[in-house]
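# Structural features, examined
Take a look at the letters that make up each chain.
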Amino acid sequence: MVLLSLAGCSKRAWMNRLKDIQKEIVSGMSESSVSPSDEEQKTPTIEILLDALDKGDREQFRSRFSKTTLRIADDMDRGLDYIFGLYEGEYVRTVYRNYSSDRHYGEKNTTLINAIYVIQTTADKYYRIRYSTWTVQEKDPDQLGIYSLDFCECDKDQQGGGGGSWMAGITYPEREGAENVAGNIACAMIMGEEKYIRDALSDELLATEDIDRKVTAYVEDYSTINASTVGDCWIRLREDGTFVYLMVNTRPRTFIVARMSQEQPDKMSAMKVTLVPVDASIPEKGIEPDGTGLFYPKFH
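Residues numbered from 1 in each chain as written. Predicted model: local features only at pLDDT ≥ 70, side-chain atom pairs only at ≥ 80, totals over all residues. Heavy atoms only, no water.

### A few points about the environment of Cys152
Our working rule: Helix and strand assignments follow DSSP, with helices taken as H or I runs no shorter than four residues and strands as E runs no shorter than two, numbered in order from the N terminus. Three exposure classes are used, based on accessible area relative to the maximum for each residue type with a 1.4 Å probe and protein chains only: buried under 20%, partly exposed in between, and exposed over 50%.
Mapping Cys152 onto the fold places it in strand 4 (residues 145-153). Residue classification places Cys152 among the buried positions, given a relative accessible area of 8%. Separated by 69 residues in sequence, Cys152 and Ile83 have C-alpha atoms that sit 7.8 Å apart.

Structure follows, in structure tokens:
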């Protein structure tokens, strides 16, 4: 999955730095040049989401997410609490909309739609809804539906690009630090530039021994990848900390786990990389960082 939106009302400073790689990340088309799938034309996702918001129907809203997202995003209820607690009034009109499409044709076709809508409600509130949804997914039917969604109150003249975050599920304020870290890890691998990974490191991690050489070695060994190989990303909120998981579908697959810092919730205190055979399942043990540091098998 790729992040396709670079403008918005949340305070994610790292998004501004993605403008130089937007062309590589997204195969963009204007709305008039994109034809959604037949299923999307029957009942457009946005109509179902807006109807659910007006009725206060959390389960209808949840139903538009893919089986994959519902399986890996165990913080969906937090996201739904945030959205339904924020939304006021009922839908009146759409003041802005746009989307792009990323399509792959072959033996098994896929289509990823990255949408943005700005709507007005009867409470004279304006909300921005961005999401990434698979409308065609012959490679993995469980991915059909919304992968990620970002919802917030905004100005009436809000515009921008479409698409949700790298992380499966629903964006809510307490999760934005983890989303920033996931985005920086992915961008460092795509662009091969140290600044992205450095911006994700907490002060305690920056203070560890030989950190400069480790950062340099990491970027050299784990870049430059194609943006389309960035796979599922999710978060786990546990008593022993907050963890970010990111799969990169290279050969072998690169599985990354980052632990968020307790002192700096928007930074990570540790990161571990595990190389996984393409057809193998993720190991159940030994994939999370133990202590503060950067841990990966290719470090030299």
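After that view, the rundown keeps rolling.
### Considering the sheet that holds strand 6 (residues 230-238)
Cut-off, in case you're wondering: Whether two strands pair depends on DSSP finding at least two bridges between them. Under this scheme, a helix contributes an axis fitted over its contacting stretch, all axes are lines through C-alpha atoms, and angles between N-to-C directions fall in the 0 to 180 degree range. Whether two residues are in contact is decided by their heavy atoms: any pair within 4.5 Å suffices.
One open sheet accounts for 5 strands, arranged 6-7-8-9-10; its pairing is mixed. Since the sheet does not close on itself, it has two edges, and those belong to strand 6 and strand 10 (293-295), each with one partner. The sheet shows a mean angle of 15 degrees between the axes of neighbouring strands, taken without regard to direction. Bridging between strand 7 (residues 241-248) and strand 8 (residues 253-260) involves 6 bridges; their strand directions are antiparallel. Among the inter-strand pairings, Val244 is bridged to a residue of strand 8, identified as Ala258. Sheet strands touched by helix 7 (residues 176-191): strand 6, strand 7, strand 8 and strand 9 (268-276). Its angle to strand 8, the strand with the most contacts, is close to 145 degrees.

### Digging into the layout of surface pockets
We count it as follows: Think of a 1 Å grid over the protein atoms and nothing else: a 1.4 Å probe that fits but is trapped marks a cavity, an open set flanked by protein within 12 Å on at least five of seven lines marks a pocket, and residues with an atom within 4 Å of a point count as lining. Grid points are joined across faces, edges and corners, and a volume is the space filled by probe spheres set on the points. Residue classes follow a fixed rule: Ala, Val, Leu, Ile, Met, Phe, Trp, Tyr, Cys and Pro count as nonpolar, while Asp, Glu, Lys and Arg count as charged, and any other residue, Gly among them, counts as polar.
In this structure, the largest pocket encloses a volume near 900 Å³. If you trace the largest pocket, you find 30 residues lining it, with Gln143, Ser228, Val230, Gly231 and Asn249 closest to the centre. Only helix 5 (67-72), strand 1 (91-104), strand 2 (110-121), strand 3 (126-137) and strand 6 provide two or more residues apiece to the lining of the largest pocket. Ranked by residues supplied to the lining of the largest pocket, first place goes to strand 6 with 4 residues. Looking at the lining of the largest pocket residue by residue, the class counts come to 12 nonpolar, 11 polar and 7 charged.

Structural measurements only, silent on function.
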